Amino acid sequence: MPGGTVYGVLLNFREEVEAWAPRMGEPPYKAPPKAPVLYVKTANTWSPHDSAIAMPEGVGEVEVGATIAMVMGEGGKAAGYVLMNDLSLPHASFFRPPVKFKCVDGFLGIGPAMRAGGDPDGFALEVRINGELRHAADFSQLVRSAPRLLADVSEFMTLGPGDVLMLGCNAGRPLAQAGDRIEITAPGFETLMNTLAEVA
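About the thresholds
Residues numbered from 1 in each chain as written. Predicted model: local features only at pLDDT ≥ 70, side-chain atom pairs only at ≥ 80, totals over all residues. Heavy atoms only, no water. Salt bridge = Lys/Arg side-chain N within 4 Å of Asp/Glu carboxyl O. Helix = DSSP H or I, 4+ residues; strand = E, 2+ residues; numbered from the N terminus. Buried < 20%, exposed > 50% of the residue type's maximum accessible area, 1.4 Å probe, protein only. Core = buried A, V, L, I, M, F, W, Y, C linked by side-chain atoms within 4.5 Å. Contact = heavy atoms within 4.5 Å. Disulfide = S-S within 2.5 Å. Pairing = 2+ DSSP bridges. Axes fitted to C-alpha atoms, helices over the stretch in contact; angles between N-to-C directions. Polar contact = N/O pair within 3.5 Å; in protein donor to acceptor, adjacent residues only side chain to side chain.

Draft legend 1. Spotlight on the pattern of salt bridges. A full pass over the atoms with the stated rule returns six salt bridges. Between D86 and K41 there is a salt bridge, with the nearest N and O atoms lying 2.7 Å from each other. Residue D86 is located in strand β7 (residues 78-86), and its partner K41 is located in strand β2 (residues 37-41); the two are separated by 45 residues in the primary sequence. The class for D86 is buried, based on a relative accessible area of 3%.

What follows is the structure, encoded as structure tokens:
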């Protein structure tokens, strides 16, 4: 489990930006964001690998946000990377991600082990739900590369050892429902798997 704060980032895949572009000129912002769009995944959301994640009562489906995250070490540098499943309730907001949709109990699956090193531009992942391939992400398609994202965030806040910064989720996030097994794989990473469970 993380030793610090976990931050998510939106609009960091080119395909995701293209999908939202028609709405970026609308009120209240009327322009694309110029800085990283961040949000926090609070500690109540953290779920270890191979654990069951309870579906909120009355919710039929959740969005699966598969990503790779930087785990911070000393001196403001990344110590390694880990798979994450950034679950959220379906919503239509990108500038101000609503806390009540992002920070539901258990809504962040965290990979079983950190990978030390590697070139983030070469990372790629796949999402399978009940064994069926449902999503893929190529991290060479980031708007801000991992070093650039870290540099931009570090301009206005300090990330300390144990903090975690996700690199972003691609567009086309699949939906999952109670009873589904979600498996996220990437070369060089240990697989992350969680199952969605009905509320007891």
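So much for the structure itself; the text now carries on.
Draft legend 2. Structural view of the nonpolar core. Ranked by size, the top nonpolar core spans 39 residues in total, and within it I68, L125 and F139 carry the most contacts. Contributions of two or more residues to this core are made by β1 (6-10), β6 (66-72), β7, β9 (124-129), α3 (146-154), β13 (181-185) and β14 (192-197). In this structure, F139 is in contact with F13, T67, I68, P120, D121, F123, A124, L125, L167 and G168, ignoring residues within four places of it in sequence. Counting 10 residues, the second largest nonpolar core, distinct from the first, contains W46, V82, I110 and M166.

Draft legend 3. Expanded view of the state of the cysteines. Under the definition given, this model contains zero disulfides. Of the cysteine sulfurs around C103, a residue in no disulfide, the closest is that of C169, at 14 Å. The class for C103 is buried, based on a relative accessible area of 13%. Its relative accessible area of 2% is what places C169 among the buried residues.

Draft legend 4. Representation of the sheet that holds β9 in the model. The strand order across the open sheet built from five strands is β4-β14-β13-β9-β10, with neighbouring strands paired in mixed fashion. Each of the sheet's edge strands pairs with one partner strand only, and the pair in question is β4 (52-54) and β10 (132-138). Between one strand axis and the next, the sheet turns through 25° on average, direction left out of account. With four bridges joining them, β13 and β14 adopt antiparallel strand pairing. Within β14, the residue paired with I182 across the bridge is N194.

Draft legend 5. Representation of the pairing of β14 in the model. Alternating residues of β14 divide into L192, N194 and L196, all buried, and M193, T195 and A197, none buried. Judged from the three bridges that link them, β4 and β14 form a sheet pairing that is parallel. When the sheet's bridge partners are listed, A52 is paired in β14 with T195. Following β13, the chain reverses through six residues before pairing antiparallel with β14; G188 in that reversal takes a positive phi of roughly 85°.

Draft legend 6. Fine view of the side chain of R144. With respect to the helices, strands and loops of the structure, R144 is situated in the loop between β10 and α3. In terms of polar contacts, R144 uses its side chain to reach the backbone carbonyl oxygen of K34, at 2.9 Å. What R144 contacts, discounting residues up to four positions off in sequence, is N12, K34, A35, P36, L149 and D152.

Draft legend 7. Representation of the environment of P36. As for its placement among the helices and strands, P36 is situated in the loop between α1 (14-20) and β2. By relative accessible area, which is 13% here, P36 ends up buried. Sequence spacing of P36 and L11 is 25 residues, and the spatial spacing of their C-alpha atoms is 7.8 Å. Ignoring anything within four residues of it in the chain, the contact list for P36 reads V9, R144, L149, D152 and V153.

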